Structures are given as structure tokens and as C-alpha cells.
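Notes for the structure review
This is what each chain is made of:
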Amino acid sequence: MTPPAAQLSRRAALRAGLVAAGAAALGSCASDPEPQLRLAAGEVGGFFWEFAGLLSDAAAETATAQVIPLTTAGSVDNLEALDSRRAELALTLIDAAYSHPNQDLAAVGCVYENYFQVAVRSNSPIETIGDLQGRRVSTGAPGSGATLVSHRIFDAAGLSEPSAVSEVELSMSSAALALSDNEVDAVMWAGGLPTPAFADPPTSIRLLDLGAVVADLRRVHGTAYEAVLVPADVYGEHPEVTTVGIPNLLLVRSDVPDPTVAGLVGLLLDQSSALVPLQAIGSQFLDARSLVMTGAIPLHPGAENEYRRRHG
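Right, let's walk through the structure included here.

Thresholds, definitions, all that
Residues numbered from 1 in each chain as written. Predicted model: local features only at pLDDT ≥ 70, side-chain atom pairs only at ≥ 80, totals over all residues. Heavy atoms only, no water. Helix = DSSP H or I, 4+ residues; strand = E, 2+ residues; numbered from the N terminus. Buried < 20%, exposed > 50% of the residue type's maximum accessible area, 1.4 Å probe, protein only. Contact = heavy atoms within 4.5 Å. Polar contact = N/O pair within 3.5 Å; in protein donor to acceptor, adjacent residues only side chain to side chain. Pairing = 2+ DSSP bridges. Right-handed = clockwise from strand over helix to strand, strands pointing away. Phe/Tyr/Trp six-rings, centres within 6.5 Å; stacked < 30°, edge-to-face > 60°.

**What about the environment of Thr 72?**
Among the secondary structure elements, Thr 72 is positioned in the loop between strand S2 (66-70) and helix H3 (75-83). Judged by relative accessible area, which is 12%, Thr 72 ranks as buried. Residues Thr 72 and Ser 144 lie 72 residues apart in sequence; the distance between their C-alpha atoms is 8.5 Å. Ignoring anything within four residues of it in the chain, the contact list for Thr 72 reads Ala 40, Ala 41, Gly 42, Glu 43, Asp 77 and Asn 78. A polar side-chain atom of Thr 72 sits 2.8 Å from the main-chain amide nitrogen of Gly 42. From its side chain, Thr 72 meets the backbone nitrogen of Gly 74 in a polar contact 3.3 Å long.

Pasting the structure below:
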């Protein structure tokens, strides 16, 4: 048996070693600190927020950067956060990026796709988008990308007159409660499958089929929109429906250094299995081909160079 004095001595030596290692690490960090990046990330419980948390964890575990998720109203608010320098990174629906007044935008990559969804109570007489005429509808929180898409869908469905629909702007969690309490007749939002706020609502819901408006959306607004299928029974009992898919972009301020952005690309490529939100499991994944599909929004030079270095 080791004598107590020897045990104490070993513990003291171990503690001294840990202190020395910590001091060395602090010295290293002081000379070469990890970059700190604020990420405008949307509503808590939303697809953006979930992905932002996973990205933050992966960045911390690999000592790539300190990614700090910020709660926001959504895509439009996130883009304004970049403009005002409240954030270095932002998640946004690609159509909101296309519509943003400041087109000096740069992307790290295209990360997943949001599903635009329109829910009504399961016993509602509303069967189509056209049936929303005269109804009270939540079109997303102020500053969210959902509001932009909601208005475009109304236009495609012939509901563009100001009095055609009674709009209210609610967050996803507030809208889910309002639908259950009969305070609104329908809720429109962009999110994953299933979106947590609607996965276990107080009342059963079903989704409206948006297949009839996708072609018009693409004709007027381009390929930011595509038809995607929502499987049956994602939210309780409901049939399979067609809805609108919208790519998500991870944007970065153009003045963020190239090596920092290259490090983020490395996370997206090398830690892809750790960056799958529960709302995307089984339906989406990250790979080099999809990451570079940022449409009219150019890749940041640091991102472009890193993709080329790795994949030519």
C-alpha cells in the first residue's frame, strides 16, 4: 500500500503539473486567442437556433472559435444584425438574403433547408390556402423570414388585397398557443420537421398542401423556392402534403479574416455528423456539393479557397 505521505506528494505533484499546464494554455491563448463570433440565430426552439447551438458546441470542442448564438426574430433581423455589426455570422433563408437592401453579403455555405408550413386545427374547415380569405392568420414574428414568404404565398393564391386576410405577427411558440386557443385560424412559419413548438401542441393540427402555389412562386421569384414533401403524420395524424422548401445560408461579414472562415468550413465538412438538428434527422445532411450551392450570394473568399483546397 502506498504511504499517505507518498499519496499526498503525488497529488501535490499532479496538481502542480495541472497548474503549470493551465498556465501554459493561458499563455498560448493570450498570444493566439480563438476568434469570437456572434451568430444571429433566430427564435429559441427554431431550426436556426438548434443548428447554431450545435455549431457553437462543435467550434468549442475543436477550438476553432467561440461561436455565441444570439436570439433574434429571424432572417430579416439576422441580416440587419450583420449590417449593424451586432453579429459576425447570421443564418437566413436564401430568399430573405436576395431581398435584402445591402447586397454586400458573403456566405460560409448553404446549410440545410427550411420547410415553409401552414397549419390549421385538425377540425378546421380550411382545406386550401384560398380558404384563408377573411381568416385571422399568424404570418411570423416581426423581422422573420416567414412574413416575407407568407405575403408571397398570399399573392400567389390571389389574397394580395390588404383586407383579404387578417394578419397577426407572432413568434412560433405564441402562434402555437394562439392556434390552440382559437385566437387565430392558421399559422405560417418556416422550420424543420417537426418544429418543436408544433410537435406536441395542446390541440391536434394538420398542414395545408402548398403544391398549387410553388410553380407561381418559382415563376415570380426564381429558384429560391422548390416543392418538397412533408411525410404523413409528422404532427399527429395528417396526410402527406407538398410544401415550399427554402435553402438556409450561413452568412459571414466580409471583414472576418479568411483563416477564421476557413475554420468554419472545416467544421461544416469534418463535423457534419455532429451538426444535424433533430428537426433535420432523416431528411437532410451536409456535404460539400450542397454547401457551395449559395445561389446569387457569393462565398466568402476564405470559404471558397477552403472548399477548393479540399475538393478542387
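**What to know about the pairing of strand S1 (residues 36-40)**
Bridging between S1 and S2 involves five bridges; their strand directions are parallel. Looking across to S2, one finds that Ala 40 is bridged to Leu 70. Running through helix H2 (residues 47-61), the crossover from S1 to the neighbouring parallel element S2 is right-handed. Of the pairings in the sheet, the one linking S1 to strand S3 (residues 89-93) comprises two bridges and is parallel in character. Paired with Ala 40 across the two strands is Ala 90, which belongs to S3.

**A look at the packing of aromatic side chains**
The tally for this structure, following the rule as stated, stands at four aromatic pairs. Residues Trp 189 and Phe 198 carry aromatic rings whose centres are separated by 3.8 Å and whose planes lie at 10° to one another, so their mutual orientation is stacked. Grouping residues by exposure puts Trp 189 and Phe 198 together as buried. Put simply, the rings of Phe 47, Phe 51 and Tyr 112 pair up and form one aromatic cluster.

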